[in-house]
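# Fold and geometry: a report
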Amino acid sequence: MSPGAPQEDVPGEGESARDEVLQPQQEREEAGEQEEDDGVEVEEEEEEAAPTHLPFAPSSELLDDVTTVDPSYTISLIRQLLPQGSNVEKEFSAKQGAPEEKGENSDNGESAQLENKDPWEECGCILWDLAASKPQAELMMNNLVLEVLLANLHVTQSPRVKEICIGIMGNLACHESLVNAISMQNGLITTVVDQLFLDDSACLSETFRFLAAVLRSSASISWAEALLPDEILSRVLWIVGNTLNSTLLEKSIDFLSTVIDNQDVTSILLQPLIKVGLTDHVISLLASEIEKISDLSKFDRSASLDLILHFIEELSATDSCLEVMSSSDQLIQVLDKIIKLPDKFEVSSYCASAVMILANLLADGKHIVPSLSHDLPFLEGLFDILPLVCDDNQARNALWCILARLLAQAQGIDMNSSSLKHFVSLLLGKFTLIKDDLESHRVDKEVELSAEDAYFKHGVSTSLSTICCIMERWIAEKSSLSEEEAAPPESAIENARKLRNYYQNYDM
């Protein structure tokens, strides 16, 4: 893809909120958006297609400390990126000297590699890969790569050139030992933050990836402070709420999760983000994504929805956001839809996150409990989630604590015969699910319970005790009826007794 590849426009912030915005470059989609190139060796015979990809953070399995790439070759690649006539070109020449003249057979195959390709893009993509190697990254840093990249960002109008520059910086920033030097580079922080106001999805994806990397580093405070202005934070939330590009959505959500995960960054940015509408934006985004689940043929952002739910789960665990979220009718409606989804096995991860969020909300929003406790399809949905979270202790514990709250509320109200009948019918129908869960999670009595396990045990015992009370009430009511009063079959009463006896005798 050449630097002059056609770009798709992004509407201004006053246009329709869900118009087609921040779309990927068409040529980039056709290239498959390969995430990372496995190798760093430069062979004489390169593949025909230029690498167009989003390398991830370096992995210890990906690259060794020693690479076969000649340092002079890496330096020659940096030279290819120099903007002509710039100050950095003069500085680079003073440091490295003029490039050596090459004979016919001394080009190491480079002319064959670059034929019919844009030399700048080809060299930039190779450097992008090499920056994942710590020795190569250090070599680049010692040879003015930051100055060269910044100079390009200041003069170019090409989204592809900007994307490659930020992508190289993103890989450099994944090496903790280099982050301070990167952050201290004159003008770099301001220049990178300014890229958030671009309208190209690939550039924005790389910018968010870079920012997430530096916010996880020891230099996080200086970057968090640079992001503080309301116009910047508002722009971040606007991108999150409006992009239709899955990669950009995932990178931007990952950036926001990094804000929550780093306590120093949280103390700087969370309240300003809440002030410009963080919770409302992500809840609206979640509601929009959930609407698409009803038509799975059109739903192609399942990974993005997982990220959104996980991020809202993180937000619901923070006191600053919990109060706002617990009063959001829209969020409760979205969670209600997830809990009541018919084919839960296809969306089991969503259900686990929904349970965690709901458990956090109920701890603060006690006003939610009465309406949910009367909603039998909702309670049925909760019981149906039990087998989906059997291997997730945290979600399972949260689910039993939710059931304890709702069942206790339901049992405490003055149910009429019809409501009582429906409750008992539900509990009898879900007996096998409940029994399977309880039998598969018996706790060794000799093992001392953790605080979390003790809290969970309380949730289970409260739920079972409440179910027993509901069953006792129904059995007493129906046993007193005569045949003329439409007494239920003896088998139904016997089943209720068996269920009650099992729960009464269950020993955790």
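The name an unreviewed UniProt entry gives the protein is Protein saal1, with Panicum hallii var. hallii as the organism. Turning to the protein, the UniProt record has this under Sequence similarities (unreviewed entry): "Belongs to the SAAL1 family." The annotation that UniProt attaches to the protein under Subcellular location (unreviewed entry) is "Nucleus".

### Some thoughts on the packing of aromatic side chains
Aromatic rings in a pair are described by how distant their centres are and how their planes are angled relative to each other. Evaluation of the coordinates by the stated rule reveals 5 aromatic pairs. Ring centres 5.2 Å apart and planes at 70° place the aromatic pair Phe210 and Trp223 in the edge-to-face group. Taken together, the residues Phe210 in helix α11 (residues 201–215) and Trp223 in helix α12 (residues 220–226) connect sequence positions 13 residues apart. Seen from their ring centres, Phe431 and Tyr503 are 5.8 Å apart, and the 70° between their planes marks the pair as edge-to-face. One end of the pair, Phe431, is in helix α25 (residues 431–439); the other, Tyr503, is in helix α27 (residues 490–505), and 72 residues separate them in sequence. We classify Tyr503 as buried; its relative accessible area is 4%. An aromatic cluster of three or more residues is present, and its members are Phe431, Tyr502 and Tyr503. The ring of Tyr502 is capped by Lys435, whose NZ or CZ atom sits 5.5 Å from the centre of that ring.

### Notes on the environment of Met169
By the element assignment, Met169 lies in helix α8 (residues 159–172). On a C-alpha basis, the gap between Met169 and Leu146 in space is 7.6 Å, while along the polypeptide they are 23 residues apart. For Met169, the contacting residues outside a window of four places in its chain are Leu146, Leu149, Leu150, Leu153, Leu188, Val192 and Phe210.

### Some remarks on helix α19 (residues 329–339)
Every buried residue of α19 is accounted for by Leu331, Ile332, Val334, Leu335, Asp336, Ile338 and Ile339. The secondary structure elements touched by the buried residues of α19 are α16 (278–293), α17 (302–316), α18 (319–326), α20 (348–364) and α22 (376–385).

### Re the state of the cysteines
Scanning all chains against the criterion turns up 0 disulfides. Among the cysteines around Cys125, which has no disulfide bond, Cys123 carries the closest sulfur, lying 9.6 Å off.

### Some remarks on the pattern of salt bridges
Under the definition given, this model contains 14 salt bridges. For Glu163, the salt bridge goes to Arg160, with nearest N and O atoms at 2.9 Å. Here the residue Glu163 and the residue Arg160 both occupy positions in helix α8, the gap between them amounting to 3 residues, near one helical turn. Relative accessible area serves as the criterion here: at 1%, Arg160 is assigned to the buried category. One salt bridge in this structure joins Lys430 and Glu380, with 3.6 Å as the shortest N-O distance. Taken together, the residues Lys430 in the loop between α24 (417–429) and α25 and Glu380 in helix α22 connect sequence positions 50 residues apart. Relative accessible area serves as the criterion here: at 13%, Lys430 is assigned to the buried category. Overall, the relative accessible area of 35% leaves Glu380 in the partly exposed class.

### As for the environment of Ser133
Relative to the helices and strands, Ser133 is located in the loop between α5 (119–130) and α6 (134–141). In this structure Ser133 comes out as buried when scored by relative accessible area, which is 2%. Along the chain, Ser133 and Asn171 lie 38 residues apart, while their C-alpha atoms are 8.7 Å from each other.

### What about unusual backbone geometry?
Here Leu144, not a glycine, exhibits a phi torsion of approximately 65°, which is positive. Within the secondary structure layout, Leu144 lies in the loop between α6 and α7 (145–155).

Definitions and cut-offs
Residues numbered from 1 in each chain as written. Predicted model: local features only at pLDDT ≥ 70, side-chain atom pairs only at ≥ 80, totals over all residues. Heavy atoms only, no water. UniProt positions renumbered as here; feature names shortened; annotations may be inferred. Phe/Tyr/Trp six-rings, centres within 6.5 Å; stacked < 30°, edge-to-face > 60°. Helix = DSSP H or I, 4+ residues; strand = E, 2+ residues; numbered from the N terminus. Buried < 20%, exposed > 50% of the residue type's maximum accessible area, 1.4 Å probe, protein only. Lys NZ or Arg CZ within 6 Å of the ring centre and 35° of its normal. Contact = heavy atoms within 4.5 Å. Disulfide = S-S within 2.5 Å. Salt bridge = Lys/Arg side-chain N within 4 Å of Asp/Glu carboxyl O.

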